[in-house]
Amino acid sequence: MKITRVRTHILKAALSQPFAYSRAWYDTRMAMVVEIETDQGLTGWGECYGPARITAAAVETMAPWLIGQDPLRTDFLWQTIYANLRDHGQKGVVIQGLSGIDIALWDIKGKHFGVPVHQLLGGALRTEVQAYATGLYRRRSGDPLHYLPDEAASYVAEGFKAVKLKVGFGVEEDANVTRAVREAIGSDIALMVDANHAYDAVAAIHLGRTIGQYDIGWFEEPVPPEDIAGYRAVKAALPIPIAGGECEFTRFGFRELLVSRALDIIQPDTCAAGGLSECKKIADMAEAFAIRYNPHVWGTGIAIAASLQLLAVLPPHTPPSLAPLAPMLEFDRTEHPIRQAILSAPIEHVRGVVRVPDGPGLGIEIDRKALARFAAR
Ligand code: CA
């Protein structure tokens, strides 16, 4: 089997209402989908996290190195692309582009052998995954002390056992909304907070000490990704588990985070950190360091499916026991018109639980009409 074509699809959709996290407002959602064709009629799909037009340029730069190659040689092709761009792209959009390619190759591999990707990654440890609701962003109008607790309560009513709140809007405001959301969801639901690295260590420690009383599941990206010493300071000062890693790349990047013991939970994005090949390696490294792994997910159904294939084979956080603590799926509940529309069958949760797709490859089918509908000009 040989690769005959590599295509990129830049997708864009306007939002009905803008929303904000600590560093910016969103009024559109974009996605970058990779399609790889073979001479045997098999097509693989991948997705790149990151700025769509730049990741598309990265994939188009890599495409000639793939044409005529055997798509089943996933590690060989990963090494080839990484080596070709090593001097210029050990992190960032180059690795994000490589991630989308690698995921598409795994989709082809699974389809070729007629099995889901997780079977080729070692076999499923679990067939369904507990999802947590990512939402609780800021709106243009209304009082966050009212709409955030309401939104959080709606996730609990849907059956979610865990929700994640955006912080990074100033320590006092963060503390007020954290208290209001905790009161709305009660004590049985896990509550995580995510600052999207809007703070330095001083402010992050101040916030952590203020909200520690609200039983916080983890404090995500308290400080910028480059500030490993800041992470270590925050982790040492707070009883709250510290999470991060959606802005880190490859086994080489995560080696530094793991060795420095800067985090309790790493969150590589499968569509950014190097794809399924690399994220499995990072997961094995994390297990050796006894550091938890929960994938970051912020994409379309392709990203969700790829993350679920990986989640199926991730080790439990805690050693084997009668009640092991399993990794969770990040399930983005914000508006994303493209997310499920490009799948022939949406990936939905039932009372906060998502089934791992068990069809060949990623276990999804792409709706080409939807791809055309959201094509960015
Ligand atoms: Ca995050």
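Definitions and limits used
Residues numbered from 1 in each chain as written. Predicted model: local features only at pLDDT ≥ 70, side-chain atom pairs only at ≥ 80, totals over all residues. Heavy atoms only, no water. Buried < 20%, exposed > 50% of the residue type's maximum accessible area, 1.4 Å probe, protein only. Helix = DSSP H or I, 4+ residues; strand = E, 2+ residues; numbered from the N terminus. Right-handed = clockwise from strand over helix to strand, strands pointing away. Domains from an automatic or database assignment. Buried area = accessible area lost by both parts, 1.4 Å probe. Salt bridge = Lys/Arg side-chain N within 4 Å of Asp/Glu carboxyl O. Polar contact = N/O pair within 3.5 Å; in protein donor to acceptor, adjacent residues only side chain to side chain. Nonpolar A, V, L, I, M, F, W, Y, C, P; charged D, E, K, R; others polar. Donors = N, O, S within 2.8 Å, 3.2 Å for Na, K, Ca; no water. Core = buried A, V, L, I, M, F, W, Y, C linked by side-chain atoms within 4.5 Å. Contact = heavy atoms within 4.5 Å. Axes fitted to C-alpha atoms, helices over the stretch in contact; angles between N-to-C directions. Parallel < 35°, antiparallel > 145°, perpendicular 65-115°, else oblique. Left-handed = near helix turned anticlockwise from the far one by under 90°. Pairing = 2+ DSSP bridges.

Taken residue by residue, a regular strand's side chains alternate between the two faces of the sheet. Most of strand E7 (residues 216-220) sits inside the fold, with four of its five residues counted as buried. The parallel pair strand E6 (residues 190-194) and E7 is bridged by helix H7 (residues 201-211), and the resulting crossover is right-handed. With helix H8 (residues 228-237) bridging E7 and the parallel strand E8 (residues 242-244), this β-α-β connection has right-handed handedness.

What follows concerns the domain arrangement of the protein. When the parts of a complex come together, some accessible area is lost, and that lost area is often taken as the interface size. Looking at the assigned domains, one finds that the protein contains domain 1 (3-114 + 369-374) and domain 2 (119-355). When the two sides are added together, the surface that domain 1 and domain 2 hide from each other amounts to roughly 3600 Å², 64% of it contributed by carbon and sulfur. In terms of surface lost to domain 2, no three residues of domain 1 exceed Arg-29, Glu-47 and Tyr-49, which account for 20% of the buried area on that side. On the surface where domain 1 and domain 2 come into contact, there are three salt bridges. Salt-bridge contacts for Glu-248 lead to Lys-91; the nearest nitrogen and oxygen are separated by 2.4 Å. Along the contact surface separating domain 1 from domain 2 lie 20 residue pairs in polar contact (both at pLDDT 80 or more). Per-element accounting of the side of domain 1 that touches domain 2 gives the leading share, ten residues, to strand E1 (residues 3-20). Residue composition of the side of domain 1 that touches domain 2, grouped by class: 24 nonpolar, eleven polar and nine charged.

A few words now on the coordination of the calcium ion. Protein coordination at the calcium ion comes from Asp-194 (OD), Glu-220 (OE) and Glu-246 (OE), with a distance range of 2.2 to 2.3 Å. Sequence positions of the donors to the calcium ion reduce to the motif D-x25-E-x25-E. Taken together, the residues Asp-194 in strand E6 and Glu-220 in strand E7 connect sequence positions 26 residues apart. The pair formed by Asp-194 and Glu-220 is uniform in burial state, with each residue classed as buried.

Let's shift gears to the nonpolar core. Membership of the largest hydrophobic core comes to 87 residues, with the highest contact counts inside it found for Leu-165, Phe-219, Tyr-293, Leu-329 and Leu-362. Among the elements that line this core, the one with the most residues is helix H11 (residues 301-311), at eight residues. When residues are assigned to domains, this core turns out to be shared by domain 1 (3-114 + 369-374) and domain 2 (119-355), each giving three or more. Beyond its immediate stretch of four places on either side in the chain, Tyr-293 contacts Ile-266, Pro-268, Cys-279, Ile-282, Ala-283, Ala-286, Leu-310, Leu-314, His-317 and Pro-327. Within the second largest apolar cluster, 29 residues are counted, among which are Cys-48, Val-59, Trp-78 and Leu-105.

At their nearest, the axes of helix H1 (residues 52-66) and helix H2 (residues 74-85) sit 11 Å apart, and the two run at 125° to each other. Considering their axes alone, H1 and H2 lie oblique with respect to each other. For the crossing formed where H1 meets H2, the hand is right-handed. Only Leu-77, Ile-81, Asn-84 and Leu-85 of H2 make contact with H1, whose side of the interface consists of Met-62, Trp-65 and Leu-66. For the contact of H1 with H2, the per-class residue count stands at six nonpolar, one polar and no charged.

The next thing to look at is the sheet that holds strand E2 (residues 25-38). With antiparallel pairing, the three strands of this open sheet are ordered in space as E1-E2-E3. Edge strands, defined here as strands with exactly one partner in the open sheet, are E1 and strand E3 (43-48). Averaged over neighbouring strand pairs, the angle between their axes works out to 20° when direction is ignored. The pairing of E1 with E2 spans 13 bridges and is antiparallel. Within E2, the residue paired with His-9 across the bridge is Val-33.

On to the pairing of E6, then. Taking burial as the measure, the five residues of E6 include four buried ones, the bulk of the element. Where strand E5 (residues 162-166) lies against E6, five bridges are found, and the strand directions are parallel. Across the sheet, Leu-165 pairs through a bridge with Val-193, a residue of E6. On the question of chirality, the crossover connecting E5 to the parallel E6 by way of helix H6 (residues 171-185) is right-handed. With three bridges joining them, E6 and E7 adopt parallel strand pairing. Residue pairing across strands places Val-193 opposite Phe-219, the latter belonging to E7.

Further remarks concern the pattern of salt bridges. Applying the stated criterion to the full structure yields 20 salt bridges. Here Glu-37 and Arg-5 are joined by a salt bridge, their closest N and O atoms 4.0 Å apart. Pair noted here: Glu-37 is in strand E2 and Arg-5 is in strand E1, with a separation of 32 residues, a long-range link. For Glu-278, the salt bridge is made with Arg-251, and the minimal N-O distance between the two is 2.7 Å. Here Glu-278 is found in helix H10 (residues 275-288), whereas its partner Arg-251 is found in helix H9 (residues 250-260), with 27 residues between them in sequence. Overall, Glu-278 belongs to the buried group, its relative accessible area being 0%. Residue Arg-251 is classed as buried on the basis of its relative accessible area, which comes to 18%. Counted as one network, the salt bridges with shared partners bring together Lys-164, Lys-166, Asp-194, Glu-220 and Glu-330.

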